[in-house]
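# Per-entry structural report
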Amino acid sequence: MNIEENKKKSRLSEDLTVVLIRGNGSPRSFRLSVTTLQRTLTALGFLFATSVLTAVVLLLMNLFRDERPESTPMAVLNPPAEAPLNPSPIPAAEEPTASEPRTGLWQKITGAGPSGGAPDSELQKEVEGLRGDVARLNAQIDHRKDLPAGNNMALLQFFGPRSVVVTETEARMQVKNPKVGLDEGNKQVYLDFELHNVDPSQRQVRGYIVVLAKTKDFFATYPANALSPSQNIVLDFTKGETFGVSRFRQARATFPATLLDGKRPLFQILLFANDGRILANLHVEGS
């Protein structure tokens, strides 16, 4: 009996009794095995230490990966083949390095390429050649014939020395929705159209509006005083109607109906920049 009592007492000493007292004073108690509690706490401590160690290892791996320099590809050297009896040297094509970028057509034209390129005179000739090609293409589109070249070509100019048509990529203005009508009250033939600013940044474009009415034996302008008979140019674009468009604007050109009675004119709408460049050119058939 003494041995069993001693075992029972030793087992009771290994247990932990927890007593909970509620607010009404009735206690509740339960026992926890000290050995089980120690094992649980040991497992939790080991799990926590493992988590911390894993986090530290991953952090160090991430830091070392960010600080590691980029590996440069190593050049693979092919073993030299057997040389012929009389080898002839073949110059290898030189590839541009990082400090010597490739020179494009636009860099050649604008002279923005690396030093040692073509002289300025040659670049200017290339620019003039491209402008000539653009002018010939516009002439083909409008079914115009080129005037014969001569030494006295500068004596007569239609608009002005700088009145060249800008390309579609550079043009920031477009003429849309033309409409021809007759105003019987004022005895005028009118041409309504819209000016659209197609610049993505919506910067305001300023310039002049000139409209031509042409037949086989007749020529008129809007405004009427745009003709310049006393100068070496036929048309003075600075006498046109001024405009300043940021997005959209309606415009109207008028001609006396008596001048166009019984005729079928072809209208041509021209938008000039302040420096004389032609921003838009649209042909409209009358009725």
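The structure we're discussing is the one just above.
Now for a look at the structure at hand. Just so you know, these numbers come straight off a predicted model, no measurement behind them. (Residues numbered from 1 in each chain as written. Predicted model: local features only at pLDDT ≥ 70, side-chain atom pairs only at ≥ 80, totals over all residues. Heavy atoms only, no water.)

Looking only at helices and strands, one finds four helices and 10 strands in the chain. Reading the chain from its N end, one meets helices and strands in the order α-β-β-α-α-α-β-β-β-β-β-β-β-β. Relative to its full complement of 287 residues, the chain shows a buried share of 22%. For the chain, contacts bridging at least 24 residues in sequence account for 56% of all contacts bridging at least 6. For the chain, the exposed area adds up to about 22,600 Å²; of that, 56% sits on carbon and sulfur atoms. (Helix = DSSP H or I, 4+ residues; strand = E, 2+ residues; numbered from the N terminus. Buried < 20%, exposed > 50% of the residue type's maximum accessible area, 1.4 Å probe, protein only. Contact = heavy atoms within 4.5 Å. Areas by Shrake-Rupley, 256 points an atom, 1.4 Å probe, with all protein chains shown as cover.)

Attention now goes to the packing of aromatic side chains. To describe a pair of aromatic rings, one takes the distance between the centres and the angle between the planes. Across all of its chains, the model carries three aromatic pairs by this definition. Here tyrosine 208 and phenylalanine 237 contribute two aromatic rings whose centre-to-centre distance is 5.9 Å and whose plane-to-plane angle is 70 degrees, an arrangement assigned as edge-to-face. In this pair, tyrosine 208 is assigned in strand S5 (residues 205–214) and phenylalanine 237 in the loop between strand S6 (219–222) and strand S7 (241–245), connecting sequence segments 29 residues apart. One exposure class covers both tyrosine 208 and phenylalanine 237, and it is buried. Seen from their ring centres, phenylalanine 255 and phenylalanine 267 are 5.6 Å apart, and the 40 degrees between their planes marks the pair as tilted. Taken together, the residues phenylalanine 255 in strand S8 (residues 248–256) and phenylalanine 267 in strand S9 (residues 266–273) connect sequence positions 12 residues apart. Directly above the aromatic system of tyrosine 190 lies the positively charged group of arginine 252, at a separation of 4.1 Å from the ring centroid. (Phe/Tyr/Trp six-rings, centres within 6.5 Å; stacked < 30°, edge-to-face > 60°. Lys NZ or Arg CZ within 6 Å of the ring centre and 35° of its normal.)

Moving on, we come to the pairing of strand S4 (residues 188–197). When you tally the buried positions in S4, you get eight out of 10 residues, the bulk of the element. In the sheet, strand S3 (residues 173–183) pairs with S4 via nine bridges, with the strands oriented antiparallel. Within the sheet, the bridge partner assigned to glycine 181 lies in S4 and is tyrosine 190. Sheet topology note: the S4/S8 ladder contains nine bridges and is antiparallel. Note on S8: the bridge partner recorded for aspartate 192 is arginine 252. (Pairing = 2+ DSSP bridges.)

Let's shift gears to the sheet that holds S3. With antiparallel pairing, three strands are arranged side by side in an open sheet as S3-S4-S8. Of all strands in the sheet, those with a lone pairing partner are S3 and S8, marking the two edges. On average, each strand axis in the sheet is tilted by 20 degrees relative to the strand beside it, whichever way the strands run. (Axes fitted to C-alpha atoms, helices over the stretch in contact; angles between N-to-C directions.)

In this section: the pattern of salt bridges. Inspection of every chain in the model, using the stated rule, returns six salt bridges. A salt bridge links arginine 172 to aspartate 199, with the nearest nitrogen and oxygen atoms 3.4 Å apart. Placement of arginine 172 in the loop between helix H4 (120–141) and S3 and of aspartate 199 in the loop between S4 and S5 is noted, with a sequence separation of 27 residues between them. What makes aspartate 199 buried here is its relative accessible area of 7%. Between aspartate 275 and arginine 277 there is a salt bridge whose closest N-O contact spans 2.9 Å. (Salt bridge = Lys/Arg side-chain N within 4 Å of Asp/Glu carboxyl O.)

Here we come to the nonpolar core. Phe193, Leu195, Val211, Phe255 and Leu271 are the most contacted members of the largest nonpolar core, which has 29 residues in total. Among the secondary structure elements, those contributing two or more residues to this core are S3, S4, S5, S6, S7, S8, S9 and strand S10 (278–285). Ranked by size, the runner-up nonpolar core spans nine residues in total, among them Tyr208, Leu212, Ala226 and Ile278. (Core = buried A, V, L, I, M, F, W, Y, C linked by side-chain atoms within 4.5 Å.)

Here threonine 221 is to be found in strand S6. From its side chain, threonine 221 meets the backbone oxygen of proline 223 in a polar contact 2.9 Å long. With residues near it in sequence (within four places) discarded, threonine 221 still touches Val211, Leu212, Ala226, Leu227, Leu235 and Phe255. (Polar contact = N/O pair within 3.5 Å; in protein donor to acceptor, adjacent residues only side chain to side chain.)

The next thing to look at is the environment of aspartate 217. By the element assignment, aspartate 217 lies in the loop between S5 and S6. Taking the relative accessible area as the measure of exposure, aspartate 217 reaches 65% and is therefore exposed. Counting along the chain gives 46 residues from aspartate 217 to lysine 263, while the straight-line C-alpha distance between them is 9.8 Å. Side chain to side chain, aspartate 217 and threonine 215 meet in a polar contact 3.3 Å long.

Attention shifts here to a nonpolar patch on the surface. Together, Phe48, Val52, Val56, Leu59, Leu60, Leu63 and Phe64 give the surface a local cluster of nonpolar side chains, amounting to about 690 Å² of exposed area. Positionally, leucine 60 belongs in helix H2 (residues 34–67). (Patch = residues over 30% accessible without salt bridge, like charges linked within 9 Å, V, L, I, M, F, W, Y side chains within 5 Å.)

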